[in-house]
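Descriptive structure summary
The chain contents come next:
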Amino acid sequence: MSAAKSQANSISANFPTIIIPVLFGVSWLIYKFVLGNDANFNPDLLKEGKHEPIDGFKGYLGLIYMGGIIVPFLITGFLTVITFVIERFITLFQAGGSGSVDDFVRNVKYLLDSNQIQEAIAACDIQKGSVANVVRAGLVRYEQMDKDTSMSRDQKVLAIQKEVEEATTLEMPMLERNLNILATLASIATLLGLLGTVLGMIRSFKALATSGSPDPTALATGISEALINTFIGILTSALAIIAYNYFTGRIDSMTYRIDEAGFSLTQTFASRH
């Protein structure tokens with residue numbers, strides 16, 4: 001592994017520990033200065049220390065602010081999902097290489113059948129990406145085994161197969177990195193939303209339990225807190241689940257193409273020796 005690739009992998013591995021605290025800071029600033037802006041609330045009631053959202057778009061921002069202290073955490077979760085969806089899109093796009101993976105695999109199989117090993121390796125260098133890296137490693141070992149006279153055919157086939165498996169093992173962590181964060185957020189966002197809902201309902205019942213007539217503002221605030229947290233939590237969870245399933249499907253497709261190319265390598269070598 002080159003020094004540049006090793007450094008890139010190190011940065012990618014540390015990316016969550018850097019970006020999540022940054023996103024929490026951004027979320028807190030959004031909560032305090034965007035959602036909690038005085039312009040989003042009725043100025044007359046604001047003088048009395050009460051937050052009542054005005055009509056229009058700014059009123060919706062104020063309504064989200066009334067979701068309470070859980071809102072910054074939910075916004076962090078939402079921004080984290082968006083960030084890692086973009087990061088995974090870029091990574092998997094690069095892993096696919098510069099062209100169609102299906103066309104690349106078909107081309108390599110054709111070149112193998114024609115015994116054009118150097119041309120197949122050159123095609124890998126043009127394609128790039130995870131699939132091409134694994135296939136290239138197998139082709140290089142294929143060429144080495146083709147010239148080796150000290151090993152039996154079965155030993156050579158096993159050596160090629162082992163090379164493909166080792167190259168796949170090196171590529172898979174990069175493809176699957178950060179997917180566990182999406183899977184975790186799919187559950188955590190719902191639980192955070194539920195926690196915010198419970199806190200909001202507690203506030204609502206507290207307003208109902210006051211002596212005399214209940215405070216309608218406190219009651220409305222509690223209900224808003226309950227509903228807003230539920231909405232953001234479900235939205236974040238749904239987005240994380242959709243993204244996770246999509247990316248795992250893409251990775252499974254790449255893995256299948258790698259297996260297909262590796263099988264062609266070993267079968268072609270066995271048939272020619």
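Located above this text is the structure these notes cover.
The structure displayed is predicted, hence computed values, not measured ones.

A short note on the overall build of the protein
If you tally the helices and strands in the protein, you get 10 helices and zero strands. If you list the helices and strands of the protein from N to C, you get α-α-α-α-α-α-α-α-α-α. Counting the 273 residues in the protein, one finds 41% classified as buried. Here the contacts in the protein between residues at least 6 apart in sequence split such that 76% fall between residues at least 24 apart. Taken as a whole, the protein presents about 14800 Å² of accessible surface, with 64% of it coming from carbon and sulfur.

Digging into the packing of helix α7 (residues 129–147) against helix α8 (residues 153–176)
Remark: α7 packs on α8, axes separated minimally by 9 Å, with the N-to-C direction vectors making an angle of 160°. Put simply, α7 runs roughly antiparallel to α8. Two packed elements cross with a definite hand, and for α7 against α8 that hand is right-handed. Between α7 and α8, the contacting residues are S130, N133, V134, A137, G138, R141, Y142 and M145 on the first element and K156, A159, I160, E163, V164, A167, T168, E171, M174 and L175 on the second. Residue classes in the contact of α7 with α8 are distributed as 10 nonpolar, four polar and four charged.

Remarks on the nonpolar core
Formed by 48 residues in total, the largest nonpolar core has its most connected members in F104, V135, L139, L175 and L182. With nine residues, the top contributor of residues to this core is helix α10 (residues 216–272). Residue contacts for F104: discarding those within four places in its chain leaves A123, C124, Q127, V131, A132 and V135.

Quick word on helix α5 (residues 101–113)
Across its 13 residues, α5 extends 18 Å between first and last C-alpha, which sits within 8% of the 18 Å expected from 1.5 Å per residue. When α5 is considered as a whole, its buried residues turn out to be V101, F104, V105, V108, L111 and L112. Seen from one end, α5 has its buried residues packed into an arc of 125°, which puts them on one side. Across from the buried face of α5, at angles greater than 90 degrees, the exposed residues are R106, Y110 and D113.

Scoring rules and cut-offs
- Residues numbered from 1 in each chain as written.
- Predicted model: local features only at pLDDT ≥ 70, side-chain atom pairs only at ≥ 80, totals over all residues.
- Heavy atoms only, no water.
- Helix = DSSP H or I, 4+ residues; strand = E, 2+ residues; numbered from the N terminus.
- Buried < 20%, exposed > 50% of the residue type's maximum accessible area, 1.4 Å probe, protein only.
- Contact = heavy atoms within 4.5 Å.
- Areas by Shrake-Rupley, 256 points an atom, 1.4 Å probe, with all protein chains shown as cover.
- Axes fitted to C-alpha atoms, helices over the stretch in contact; angles between N-to-C directions.
- Parallel < 35°, antiparallel > 145°, perpendicular 65-115°, else oblique.
- Left-handed = near helix turned anticlockwise from the far one by under 90°.
- Nonpolar A, V, L, I, M, F, W, Y, C, P; charged D, E, K, R; others polar.
- Core = buried A, V, L, I, M, F, W, Y, C linked by side-chain atoms within 4.5 Å.
- Expected span 1.5 Å × (residues − 1).
- Arc of directions from axis to C-beta.

None of this, on its own, says anything about what the molecule does.
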